[in-house]
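# Understanding the architecture of this molecule
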Amino acid sequence: MKRLLIVAHAPSPNTLRLRESVEKGARNPDIEAVEVVVKAPLEAGPEDVLACDAIILGTTENLGYMSGALKDFFDRSYYPCLEKTQGLPFTFYIRAGHDGTGTRRAIDSITTGLRWKLIQEPLLCRGDYQPEFSDQCEELGLFVAASLDAGII
């Protein structure tokens, strides 16, 4: 059984909807050999990362950066995971009120240092909230879980 970890900050009803959509896609009934673990960034830690086979990160764009909660997760997890999770398959989504580029740059910088492997272009949900953001997040969760299930990642 493979383990997919979803670590996503969801401070509002819309961002909670996005996290739930990622989880829904990952828990698709056609996926048989993937355990899905969903945690808020302040609840997740290095032990969760060390126990997973892939990870999906989710954050809001806060002042052109990731959420403080996701940054805290990285602060607590970076060094314990640094030498042990190289090549970890991951992707992420950003709920961006603006363009999300600073947030992406920050996540790219940290995950490059960790030497994680980006397996899907990050999803940027930009501008005013759109219902299709949920569909896109569900597809993201399905893609990663199905890839794990099939042994592609």
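The sections below set out a description of the structure shown in this document.

Cut-offs applied
- Residues numbered from 1 in each chain as written.
- Predicted model: local features only at pLDDT ≥ 70, side-chain atom pairs only at ≥ 80, totals over all residues.
- Heavy atoms only, no water.
- Helix = DSSP H or I, 4+ residues; strand = E, 2+ residues; numbered from the N terminus.
- Contact = heavy atoms within 4.5 Å.
- Polar contact = N/O pair within 3.5 Å; in protein donor to acceptor, adjacent residues only side chain to side chain.
- Phe/Tyr/Trp six-rings, centres within 6.5 Å; stacked < 30°, edge-to-face > 60°.
- Buried < 20%, exposed > 50% of the residue type's maximum accessible area, 1.4 Å probe, protein only.

Our next topic: the environment of Ile94. Within the secondary structure, Ile94 is located in strand β4 (residues 89–96). Along the backbone, Ile94 and Thr60 are 34 residues apart, and their C-alpha atoms lie at a distance of 5.5 Å. With residues near it in sequence (within four places) discarded, Ile94 still touches Thr59, Glu61, Gly100, Thr103, Arg104, Leu123, Leu124 and Cys125.

It is worth spelling out the side chain of Arg19 at this point. Turning to its location among the elements, Arg19 is positioned in helix α1 (residues 13–26). Polar side-chain contacts of Arg19 include one of 3.3 Å to the backbone oxygen of Ala8. The residues contacting Arg19, other than those within four sequence positions of it, are Ala8, Ala10, Val38, Ala40 and Tyr93.

In the structure shown here, the tally under the stated rule is 6 aromatic pairs. Both rings, one in Phe90 and one in Phe92, keep their centres 6.2 Å apart while their planes meet at 10 degrees; by these two values the pair is stacked. Classification of Phe90 as buried rests on a relative accessible area of 2%. Judged by relative accessible area, Phe92 falls into the buried class, the value being 0%. Centre to centre, the rings of Tyr129 and Phe133 are 5.6 Å apart; their planes meet at 90 degrees, and the pair counts as edge-to-face. Of the two residues, Tyr129 and Phe133, both sit in the buried class. Put simply, the rings of Phe73, Phe74, Phe90, Phe92 and Trp116 touch in pairs and so form one group of aromatic residues.

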